[in-house]
Amino acid sequence: MKFSKRTTAAAAAAGAALLLTGCAGGGGNAAQDGVTTINYWSWDGAPGRDIVEAVIEACEAEHPDIKVNYTELAQTDYKPKAAQSLGAGEEIDVLTVQPGSWAMEVEDYLLPVSDWSNGDLVGKFGEQSITQAERNFTDGLLSAVPVYSTGSAVGVYNADILAELGLEAPTTWDEFKALSDALAAQGKGILPVTMPADDWFQDEMALTFVGQEDPEFFNSVRYDDGSWDSDAYVTGLSNYAAMFENGTFDAATLDMDYTTAMTAFDEGKSAVVFNGSWEAGRILTGNYGVIPVPAETADKASLRAFLDVMLGIPAESTKQEAAATFIDCMSTGAGVDPWATALKGIPAVSDYELPEGTLTTELQQQSYDTLVELISNPASDRNNLGAFSDHVGANVKQVLFGTMTPEEAAKDAQAEFERGTF
Amino acid sequence: MTTDTRTRKRRRRSDWLVALVFLAPLLAIYAVYYLYSIVFLGQTSMQRIGISLLRPVQVGFENFALLATDPVFLGSIVNNLVFAAASIVVALTIAFFIAVALSTGVRGRKLFYLVFLLPALMPLSLVATIFGSMLQERFGILNETLRAVGLGDLAQSWLTTPGLAYTAVILVFCYLIGLPIMYYTADLSALPTSALEAALLDGAGTFRIMTQVIYPMMRTTHITVILALLLGAFRGLEQVLFSTGGGPGDTTEIVGTYVYGYVNSGGKTIGYAAAASIVVLLIGLVISLAQMFATRTKRSAR
């Protein structure tokens, strides 16, 4: 088959045009009309689509030369999908980095903050936040900036239920027992407490009780050569189990998944719900307050806290400057208010104050102060180890069900820790 | 060499070529999606590596050694076998009976087919989630119903008592009997009617025809059902993940949930999960070989 010169020229021109448009479309590198479009990836709880859209709106208004495309993945899928997408060369310009072992897993894909066009923004964050952020990366090389911190476990209580019983918010074991007894006497079937029975959260609860015994316990096993098989762990776990044994907590919560536990509280079927501080935004939606997990004495109450969300820039991104500008906006600028006012976490940026009118009642103000106090002064870092938390949490539940002793659980946790699978 | 022999050889070569052309796309897909995956899995199982697949550390057979000493992993294999065994028993009895009963032309059989097949066609995650929520101690519909009809004493902690949780997972596995019913229904239509007619003429009753004529005649279907359920059990995940989550403790853990936990860990656990997957793959291979052996056509029978 033969082609005329004209046909060949036309085909060559069409091919060249296709190639050029293909490059422009695929790369998306060049700013169009002076606007740079960046791709931002996160998971559904960090801080969630509705809030992110408000953040984007605020940041786009402040930086009209930046447009943000947001991709949200389910939290359960985020770690494998985001890591694999980075490896596959997906165009991601801003990445939410989950603190913990995953941050170290993806650090090779990230641009060190010192290489960002606005790398000096590090100075805008509190010292504790930067220290915690550095702990997530090899040799402390900061590869993402902190956004906010959360803590766990903490309680949200229904003030109306307590008021009906004539009780104050319980902060000690005895006060909580009094609440449980009063609810039982009332006979309305309201549970004293609900909480997720998921293994990871039962690990959080147990460690909160352990932190009341030895605030340094978790940091010592996480960062130093501390042992799970210790008196502090056994005592803390025993104290937690005792709450179920003596009827302070109802074992009916131990088969509730996350949603069921929260829904039961929202529907007034429980007086208190334990969860992470990321659920504390509820205090803005009803007559709810925040309390720490009860301790033997109120002054022992504590939780573990850590950064919950960090933002990084993939080294492969071709729009690093725009990405850095957006991150600055979301973590220290106009993009802070949307998530901070939803009480998603305590901002890492220094000297942040909630806008006037965010907290409208004394109870809300008191609760927020409690949160800030607890998260700013944690017993240990909440720097969990993925599947290991599930393993330890499964043991915690066995102790609560009476099929394992706290001593056995402590020994097994240490053995699992040493096994080398984590 | 005679002309005939040469022609036959040429034709055979030509047949091979045609076969190869037709098979090429499938072989290419197989090479990309199966062989590569298996090689990748084998390679990863010898490494300490995370989900980003960066900075692998070669550890030889260490992951397999760790697996071999993990009672949870070994327990999860046993659980898989037990859950498979329970579903096989139900398939070989109840599913067979249902399939035969429906094949007799009973009124409303299309509705019954729908009732039995629907669970097998629905997403397993949905079925398991509904089961899980139904069995919750405080707000589950089962206990709520028991309390409502004055049988509150029978209300149990279905998901947190080891024996009950185990039974609950078995029920979820057995609930999905739609697949064996389909197998039996398809093969029943191919049964030679002469044997059934002879049995009828000899005065055999319905139950006797079912158990002593049809049942033995469906030997190959039984084997297919057994091996399909056995293999299916090792591929299971949602049945447990969304009902008991493998708990209480590790009571209902299966290999699917075990591997899933390590894949989603976020740490350097992908090599370990790959090693566990290789073990499961080998178990599946053994089962498949058993299937090939059991369903092979004997030379003498050809």
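Just so it is clear, the structure is predicted and the values come from calculations on it, not from any experiment. (Residues numbered from 1 in each chain as written. Chains lettered and ligands numbered in written order. Predicted model: local features only at pLDDT ≥ 70, side-chain atom pairs only at ≥ 80, totals over all residues.)

Turning our eyes to something else, we now look at the overall build of chain A. Helix and strand content of chain A: 16 helices and 9 strands. Across its three principal axes, chain A shows a C-alpha extent of roughly 95 × 50 × 45 Å. Relative to its 422 residues, chain A shows a buried fraction of 50%. Partitioning the contacts of chain A with sequence separation of at least 6, the portion at a separation of at least 24 is 78%. (Helix = DSSP H or I, 4+ residues; strand = E, 2+ residues; numbered from the N terminus. Buried ≥ 20, exposed ≤ 12 C-beta atoms within 10 Å, placed from the backbone. Contact = placed C-beta atoms within 7 Å.)

All names here are of chain A. End to end, helix H14 (residues 362-376) covers 21 Å across 15 residues, agreeing with the expected 21 Å (1.5 Å per residue, within 8%). Within the span of H14, buried status applies to Ser-367, Thr-370, Leu-371, Leu-374 and Ile-375. Down the axis of H14, the buried side of the element spans an arc of 115°, and every buried residue falls inside it. Across H14 from its buried face, at more than 90 degrees, point the exposed residues Glu-362, Asp-369 and Glu-373. (Expected span 1.5 Å × (residues − 1). Arc of directions from axis to C-beta.)

With that settled, consider unusual backbone geometry. Residue Ala153(A) is bonded to the preceding Ser152(A) through a cis peptide linkage, with omega at -5°. Relative to the assigned elements, Ala153(A) resides in strand S4 (residues 145-158). With an omega of -5°, the peptide bond between Gly247(B) and Pro248(B) qualifies as cis. When you line up the elements, Pro248(B) lands in the loop between helix H12 (238-241) and helix H13 (255-263). We note that Asp351(A) has phi near 55°; this positive angle belongs to a residue other than glycine. If you trace the backbone, Asp351(A) turns up in the loop between strand S9 (346-347) and H14. A positive phi is found at Leu53(B), a non-glycine position, where the angle reads about 60°. Accessibility expressed as a C-beta count within 10 Å gives 16 for Leu53(B), which makes it partly exposed.

With that settled, the discussion passes to the packing of helix H10 (residues 231-245) of chain A against helix H16 (residues 406-419) of chain A. Residues and elements named next belong to chain A. One way to put it is that H10 packs onto H16 with a least axis distance of 9 Å and a crossing angle of 130°. Relative to H16, H10 is oriented oblique. Crossing angle aside, the handedness with which H10 passes H16 is right-handed. On the side of H10, the interface is formed by Tyr-233, Val-234, Leu-237, Ser-238 and Ala-241, while H16 contributes Pro-406, Glu-407, Ala-409 and Ala-410. Across the contact of H10 with H16, the residue classes break down as 7 nonpolar, 1 polar and 1 charged. (Axes fitted to C-alpha atoms, helices over the stretch in contact; angles between N-to-C directions. Parallel < 35°, antiparallel > 145°, perpendicular 65-115°, else oblique. Left-handed = near helix turned anticlockwise from the far one by under 90°. Nonpolar A, V, L, I, M, F, W, Y, C, P; charged D, E, K, R; others polar.)

What the domain assignment lists for chain B is domain 1 (3-44) and domain 2 (62-296). Distance from the C-alpha centre of domain 1 of chain B to the C-alpha centre of domain 2 of chain B: 36 Å. (Domains from an automatic or database assignment.)

Right, let's talk about the confidence of the model for chain A for a bit. Residues and elements named next belong to chain A. Looking at chain A as a whole, its pLDDT mean stands at 91, while 92% of the residues score no less than 70. Predicted confidence is poor over residues 1-5, with pLDDT under 50, and the contacts of this stretch with residues over four places away or in other chains come to 1 contact. The low-confidence segment residues 7-30 (pLDDT under 50) makes 6 contacts with residues lying over four places distant or belonging to another chain. (pLDDT = per-residue confidence, 0-100.)

A few words on the pairing of strand S3 (residues 94-97) of chain A. Residue and element names in this part refer to chain A. Because side chains alternate across S3, one face comprises the buried residues Val-94 and Thr-96, and the other comprises Leu-95 and Val-97, equally buried. Alignment of strand S1 (residues 36-43) against S3, held across 2 bridges, turns out to be parallel. In the strand pairing of S3, Trp-41 is matched with Leu-95. Examined bridge by bridge, S3 and strand S8 (residues 304-312) share 3 bridges and lie antiparallel to one another. Paired with Leu-95 across the strands is Gly-312, a residue of S8. (Pairing = 2+ DSSP bridges.)

Residues shown with low pLDDT carry predicted positions that ought not to be read at fine detail. Across chain B, pLDDT averages 88, with 97% of residues at or above 70. Interface scoring of the predicted complex returns ipTM 0.78; its pTM is 0.84.

What follows is about the interface of chain B and chain A. With 27 residues of chain B at the contact, the number on the chain A side is 34 residues. Of the residues forming the side of chain B that touches chain A, the biggest block, 3 residues, is contributed by H13(B). Of the residues that constitute the side of chain B that touches chain A, the class distribution is 11 nonpolar, 13 polar and 3 charged.

This part takes up the domain arrangement of chain A. All names here are of chain A. The domain architecture assigned to chain A consists of domain 1 (35-150 + 307-347) and domain 2 (151-304 + 376-419). Computed from C-alpha coordinates alone, the two centres of domain 1 and domain 2 are separated by 30 Å. Grouping the amino acids of the side of domain 1 that touches domain 2 by side-chain chemistry returns 4 nonpolar, 6 polar and 3 charged.

Moving on, we come to the packing of helix H9 (residues 193-201) of chain B against helix H10 (residues 206-217) of chain B. Residues and elements named next belong to chain B. Put simply, H9 and H10 touch, their axes get as near as 11 Å, and they point 160° apart. Between H9 and H10, the angle is such that the two are roughly antiparallel. In this structure, the crossing between H9 and H10 has a hand that is right-handed. Along its contact with H9, which presents Ala-195, Leu-196 and Ala-199, the element H10 presents Ile-209, Val-213 and Met-217. Considered class by class, the residues forming the contact of H9 with H10 number 6 nonpolar, no polar and no charged.

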